Amino acid sequence: MECPASRTYGHNAQPPGYGIFGSKIKFANGSEADYFDSAKRFDLGVGGRIGFEYRSFQLSAGANYGVLDALKHSGSHNFIANVGLSYMF
């Protein structure tokens, strides 16, 4: 029997991303480089999030994984993990 004050939830969504800012990098020695010479501006990914709600509290965890290479010709991908604790007024 489920307590009426608690529930679990989850979702699966990852929108596409496109980088528009931050292309110039300034180094400590004074030189500059264009970040997007080696990185890709566009990324697609998969992600998910699951959580638990009890009364006015929510606890959740999720992850997003970029399926396209983050840097050109490197085989590296973006990965973001997160944990959340919320109180609802």
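The structure reproduced in this document is the subject of the present report.

Definitions and cut-offs
- Residues numbered from 1 in each chain as written.
- Predicted model: local features only at pLDDT ≥ 70, side-chain atom pairs only at ≥ 80, totals over all residues.
- Heavy atoms only, no water.
- Helix = DSSP H or I, 4+ residues; strand = E, 2+ residues; numbered from the N terminus.
- Buried < 20%, exposed > 50% of the residue type's maximum accessible area, 1.4 Å probe, protein only.
- Contact = heavy atoms within 4.5 Å.
- Areas by Shrake-Rupley, 256 points an atom, 1.4 Å probe, with all protein chains shown as cover.
- Phe/Tyr/Trp six-rings, centres within 6.5 Å; stacked < 30°, edge-to-face > 60°.

## A closer look at the overall build of the protein
And then number 1: Looking only at helices and strands, the protein features zero helices and eight strands.
And then number 2: In sequence order, the secondary structure elements of the protein are arranged as β-β-β-β-β-β-β-β.
And then number 3: By the burial criterion, 16% of the 89 residues in the protein qualify as buried.
And then number 4: Nonlocal contacts in the protein, meaning residues at least 24 apart in sequence, comprise 50% of its contacts between residues at least 6 apart.
And then number 5: In the structure as shown, the protein presents an accessible area of about 6900 Å², 61% of it carried by carbon and sulfur atoms.

## Focus on the packing of aromatic side chains
And then number 1: Summed over all chains, the structure comprises two aromatic pairs.
And then number 2: Their ring planes at 90° and their centres at 5.3 Å tell us that Y87 and F89 sit as a pair that is edge-to-face.
And then number 3: Under the relative-accessibility criterion, Y87 is labelled partly exposed at 45%.
And then number 4: Residue F89 is classed as exposed on the basis of its relative accessible area of 94%.
And then number 5: One aromatic cluster is present, built from ring pairs that chain together F57, Y87 and F89.

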